Each structure stands twice: as C-alpha cells, then as structure tokens.
Amino acid sequence: MKYRTIGSDPAHRREVSVIALGAMLMGSRTDEKTSFAVLDRYVEAGGTFIDTSDNYAFWEDGGQGGQSEELLGRWRRSRGIGDEIVIATKLGARPLAPGTSYVDNPEGLSAKVIRESSERSRERLGVDKLDLLYAHIDDPTTPQRETVEAFAALVAEGTVGLLGVSNQAAWRVERARAIAAASGLPGYEVLQYAHSHLRPRTDVPDDMFPDGSLGHAGPDLITYLRAEPGLTMVAYSPLLKGAYVHPDRLPADFDHPGTPPRLAALHDVARETGATVNQVVLAWQLGGSLPIIPLVGASSVAQLEETLAAADLELTPDQRARLDAAH
C-alpha cells in the first residue's frame, strides 16, 4: 500500500492509504460477516482510510440511515481499532423522517444540525473525535457563515479534525473557504466528488440538481483542485458501480460520443498491462498529477483484492497520454 497526506494543518493532517474503502452498504445490503471480512482484509493490506455517512443506507429500509456507522463502531470495538484508522463521515443529507430522502427532506447544514449530527456519528462510531467530517450536500437555506462557523467550532473543541465538502458547486466551495480564511477559521480541505475515466454529461438535470450535476468533478472543480495545492479530492464511484465490467449498467449521462474512444483506450491499456479495466482506471487516477484518492466499495474480499492490486500498477507515460487524450 502507498500513502499520501490529507490536510495542511500539522495539528490535524493525516497520512492515509491512497485507496479509500467505502462502507456505504455495510450493515445493510452487505451483511456483518462479509463486511467484517472486507474491513479486516483492507487493514491487513495496509488500508487506513474508511468512508461512511450518517445517512447510509436509508434507502435500503426506508429509514434514516446510520447502519454503516453502527457496523463500523461494532467492528472497531471488536478489533480494538484506534486512531490508526482514519474514518471519514458526512452529515447534512440524512432524511428528517423515515420514508423521505435527501432530495425532499434533508437535515441540512444549520449549526444545530451540525452539532447534533456529529454527536450522533461519534456515538455510533464509538470515537471521541471524527477524523474527517464532510458537508454531504449543499444547503442553500442556511447562511454559509453559519455552516462555516459551526464546523469550525467542532474543530476548536477537538471533536473533529479535518473538514470536507461534497456535491456542491465549485463557487460555493470557494465562497465557504473564503469566509473561513477571512475569519481565521479552518475550512474545507477535502473534496469528495464523483470522478472516473469516463466523463459524463453534466448538463443533464435531475431532482437534486435541476441545472445539471454538481456531484461530478467537472472542469471547474478540477481546475480549482489544480490551483489549490492544499486540497485533496476523494473520488467516489470511480468504477461506476461495476459499469466497466457490465456496460449495461452505464448511466444514461455517459451515453455520448466521447465514451467509446475512452473505453477503447482503457481496454487497450488493460491488454498491454495484463491488468483489469477497473485496475487501469484506478491506476490512472492514482498516478496522475492531481491529488486524487479513489474511494471504492467492496461487497466481497475478492472484489477488494482486485482494487488493492491497483495501488501497485504503474502506467507508462505513453499509456497515460493515450488515456488522457482519448475523447
């Protein structure tokens, strides 16, 4: 396993494995025995960066979530896991009531929610301090200063280390960071967005993003990441939920003329390296010029093994150039 540092403040920055493990379906769709086996193997292989959220996985039972954090808490206690493993969680997108969702009834990012939700997450995970806490979605109904100051208060109290943000417009991220900087407060340092080798159309509206997707790392976010050396991006859905292996799963927003040539380049490089297409995608992210940590889920140890092997796959400059140029 290889490692990189997230965060800039010496008091809070952490060294984490270059591949993060997603725990979204652990404790719900993925049973406890399998989840524990995946977690154990990840740690055995040197993995140190686990991702969850307070709303995972509410859609599995129509509830409000919390199953993933609770399972991680049980796993931590049963294995004697301490602060050597960095666990990131998120708040703001937990449904306020069973049977609703983050689209129509999210908790949001008020100071009250941030404090109460973070306390619930710490209790479920069984930790005194959340290593990394994200704003899961945007909340345009709450003044950004209130959100910024509420997150900063938790850092000052020592119950949160690093701050992150997900699924927000780049200009909203920059505005929040500017508010924090002007007040001498800690701001967002980790960005979690969907990112893979295939590029989606981002102009397709949906219920959450009526003007087009803000959850994918588009040109605005990528150039922002390139210009701000203190930031790191955690890339969720890097393997497109299995679509590289099962093309029928490819979402409709990837159905455009740029997809076939990029797929062809991936398959060419996979044949040359003897690696799987999934491993090439992850190696492409890991070895690039931008600080990207792929976040990969696994419902079996076998799936995890394929992912772990990608950390040792080195692409040649020519292979990387062909992957970058395909469009």
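The notes below deal with the structure included here.

## What to know about the overall build of the protein
What the protein contains, in helices and strands, is 11 helices and 10 strands. Its C-alpha atoms give the protein a radius of gyration of 19 Å, within 12% of the compact-globule value 20 Å for 327 residues. Counting only C-alpha atoms and orienting by the principal axes, one finds that the protein spans roughly 55 × 45 × 40 Å. Excluding contacts between residues fewer than 6 apart, the proportion of contacts in the protein whose partners are at least 24 apart in sequence is 75%. Accessible area of the protein: about 14,100 Å², with a carbon and sulfur share of 52%. The centroid of the 32 positive side-chain charges in the protein is displaced by 2 Å from the centroid of its 45 negative side-chain charges.

## Remarks on the sheet that holds strand S10 (residues 292–297)
Pairing between the strands of a sheet comes from backbone hydrogen bonds, and it takes one of two forms, parallel or antiparallel. Spatially, the eight strands close up into a barrel ordered S3-S4-S5-S6-S7-S8-S9-S10, and their pairing is parallel. Strand-to-strand twist across the sheet, computed as the mean angle between neighbouring axes with direction ignored, equals 30°. Relative to strand S9 (residues 232–236), strand S8 (residues 190–194) runs parallel, the two sharing five bridges. Bridged to Gln192 within S9 is Val234.

## With respect to the packing of helix H8 (residues 259–273) against helix H9 (residues 277–286)
In the contact formed by H8 and H9, the axes pass within 9 Å of each other and the chain directions differ by 100°. One finds that H8 runs roughly perpendicular with respect to H9. In this structure, H8 contributes Arg262, Leu266, His267, Val269, Ala270 and Thr273 to the contact, and H9 contributes Val277, Val280, Val281 and Trp284. Class assignment for the residues of the contact of H8 with H9 results in seven nonpolar, two polar and one charged.

## Notes on empty space enclosed by the protein
Under the counting rule described, the total for this entry stands at two cavities of 30 Å³ or more. Counted as a void, the largest cavity has a volume near 70 Å³. Residue lining of the largest cavity: Leu109, Asp138, Asp139, Thr142, Pro143, Gln144, Thr147, Val148, Gln168, Arg172, Ala176 and Tyr188, and that is the complete set. Breaking the lining of the largest cavity down by element, the ones donating at least two residues are helix H5 (144–157) and helix H6 (170–182). Per-element accounting of the lining of the largest cavity gives the leading share, three residues, to H5. By residue class, the composition of the lining of the second largest cavity is six nonpolar, one polar and no charged.

## Digging into the side chain of Ser118
Mapping Ser118 onto the fold places it in helix H4 (residues 111–125). Of the polar contacts made by the side chain of Ser118, one reaches the backbone oxygen of Ile114; its length is 2.9 Å. Excluding residues that lie within four positions of it along the chain, Ser118 makes contacts with Leu91, Val113, Leu130, Leu133 and Leu154.

## Looking at the packing of aromatic side chains
Under the criterion given, the structure shown has four aromatic pairs. Seen from their ring centres, Phe58 and Trp59 are 5.1 Å apart, and the 85° between their planes marks the pair as edge-to-face. The exposure class assigned to Phe58 is buried, which follows from its relative accessible area of 6%. When the ring of Phe151 is compared with that of Tyr188, the centres are 6.1 Å apart and the planes differ by 70°; the resulting orientation is edge-to-face. With Phe151 in helix H5 and Tyr188 in the loop between H6 and S8, the pair connects residues that are 37 residues apart, well separated along the chain. With respect to burial, Phe151 and Tyr188 carry one shared label: buried. An aromatic cluster is present here, built from Tyr56, Phe58, Trp59 and Tyr102 joined pairwise through their rings.

## Examining the layout of surface pockets
Of the volumes computed, that of the second largest pocket is approximately 440 Å³. In this structure, the second largest pocket is lined by 23 residues; those nearest its centre are Ile137, Asp138, Asp139, Pro140 and Met208.

Rules and cut-offs
- Here the residue numbers are simple positions, counted from 1 along each chain's written sequence.
- Where local features are concerned, this predicted model is filtered to residues with pLDDT of at least 70; where side-chain atom pairs are given and counted, the filter is 80 or more; whole-chain, interface and lining totals use all residues.
- Processing note: side-chain calculations cover all non-hydrogen atoms of the structure and skip hydrogens and water entirely.
- Put simply, DSSP H or I for four residues or longer makes a helix, DSSP E for two residues or longer makes a strand, and each gets a number counted from the N terminus.
- It is over C-alpha atoms that the radius of gyration is taken, and the globule rule equals 2.2 Å times the number of residues to the power 0.38.
- Contacts are residue-level and defined by heavy atoms, with any inter-residue pair within 4.5 Å sufficient.
- For every accessible area listed, the method is Shrake-Rupley and the probe measures 1.4 Å; residues are considered covered only by the protein chains on display.
- When charges are counted, Lys and Arg contribute as positive and Asp and Glu as negative, whereas His and the chain ends are disregarded.
- We put the charge of a Lys on NZ, of an Arg on CZ, of an Asp on CG and of a Glu on CD.
- A strand pair is defined by DSSP finding two or more bridges across the two strands.
- Note on geometry: axes are lines fitted to C-alpha atoms, helical ones only across the stretch in contact, with angles between N-to-C directions running from 0 to 180 degrees.
- When describing relative orientation, an angle under 35 degrees is termed roughly parallel and one over 145 degrees roughly antiparallel, while 65 to 115 degrees is termed roughly perpendicular and anything else oblique.
- For this classification, Asp, Glu, Lys and Arg are treated as charged, while Ala, Val, Leu, Ile, Met, Phe, Trp, Tyr, Cys and Pro are nonpolar and the rest, including Gly, are polar.
- Here a cavity means grid points, on a 1 Å grid over the protein atoms only, where a 1.4 Å probe fits yet cannot get out; a pocket means an open set of points with protein on both sides within 12 Å along at least five of seven lines; lining residues are those with an atom within 4 Å of a point.
- Grid points are joined across faces, edges and corners, and a volume is the space filled by probe spheres set on the points.
- Polar contacts here mean pairs of N or O atoms no more than 3.5 Å apart (in protein, one a potential hydrogen donor and the other a potential acceptor; neighbouring residues in sequence count only if both atoms are side-chain atoms).
- Here the aromatic set is Phe, Tyr and Trp, taking the six-membered ring for Trp, and pairing holds for ring centres within 6.5 Å; pairs whose planes are under 30 degrees apart are stacked, those over 60 apart are edge-to-face, and all others are tilted.
- Each residue's exposure class comes from its accessible area (1.4 Å probe, protein chains only) as a fraction of the maximum for that residue type: buried when under 20%, exposed when over 50%, partly exposed otherwise.

In short, geometric facts, not functional conclusions.
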